[in-house]
Amino acid sequence: MHVDNLKKELRDRKYRMTPQREQVLKVFVETNSEHLGAEEVYRYLLNKKLNVSKATVYRTIDLLVELGFLRKLQFGEGVYRYELVDREGRHSHFICNSCGRIYELKGELSPDKVMSMYVEFLKNKGYIVEEIDLKFRGICPKCSKK
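The following refers to the structure shown.

**Section: the environment of leucine 84**
Secondary-structure assignment places leucine 84 in strand S2 (residues 80–84). Residue leucine 84 is classed as buried on the basis of its relative accessible area of 13%. The sequence separation of leucine 84 and arginine 71 amounts to 13 residues, and the corresponding C-alpha distance is 6.3 Å.

Here it is in structure tokens:
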């Protein structure tokens, strides 16, 4: 589905659908959008014996962000990570301070529900909220059992 949508979007914007663009998007689909960095995407493609340059991976990821297929995230590690845009709604993240794993929090902990009070407050003060990036940090259940 994502690949078909990408093909249509690229066509609409007068871009070509190259095998490299398709492969980069497929990495996020195949890994279930595990918050990969560009270097990880590049290594993933190399491990699959696909011929793609590092520069192409970076440019393709930037294009996929621009087209709205990927979301650019920063978790304080000094690198950008990316995930597939969830068409069903936004979600929050929990970052384990022990193992570094990133968990997606969906449903009741959606940014829309948790932050609605703050957004309303900011709107009343004249701020325009364009994006909510809610992150929780702590120790995950696996690490807390150790």
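**Let's talk about the environment of leucine 67**
Structurally, leucine 67 can be placed in the loop between helix H4 (54–66) and strand S1 (70–74). Taking relative accessible area as the criterion, leucine 67 reaches 9% and is therefore assigned buried. In this view, leucine 67 contacts Leu6, Glu9, Leu10 and Arg13; residues no more than four positions away in its chain are not counted.

**Description of the sheet that holds strand S3 (residues 92–96)**
Taken together, the three strands give an open sheet; going across it, the order is S4-S3-S5, and neighbouring strands pair in mixed fashion. Sheet topology places strand S4 (102–105) and strand S5 (135–138) at the edges, where each strand pairs with a single neighbour. Recorded for the sheet is a direction-independent mean angle of 25° between the axes of neighbouring strands. Where S3 and S4 come together, four bridges link them in antiparallel fashion. Across the sheet, isoleucine 95 pairs through a bridge with isoleucine 102, a residue of S4.

Conventions adopted
Residue indices begin from 1 for each chain and proceed along its sequence in written order. pLDDT decides what is reported in this predicted model: residues at 70 or higher carry local features, side-chain atom pairs at 80 or more are listed and counted, and totals for whole chains, interfaces and linings draw on all residues regardless. Each side-chain value is derived from all of the structure's non-hydrogen atoms; neither hydrogens nor water enter the calculation. By the criteria applied, helices consist of DSSP H or I runs no shorter than four residues and strands consist of E runs no shorter than two, each listed in order from the N terminus. For every residue, the accessible area obtained with a 1.4 Å probe (protein chains only) is divided by the maximum for its type, and the residue is called buried under 20%, exposed over 50%, and partly exposed between those limits. By definition, residues are in contact when any of their heavy atoms lie within 4.5 Å. Two strands qualify as a pair provided DSSP detects at least 2 bridges between them. Fitted lines through C-alpha atoms give the axes, limited to the stretch in contact for helices. The angle between two N-to-C directions lies from 0 to 180 degrees.

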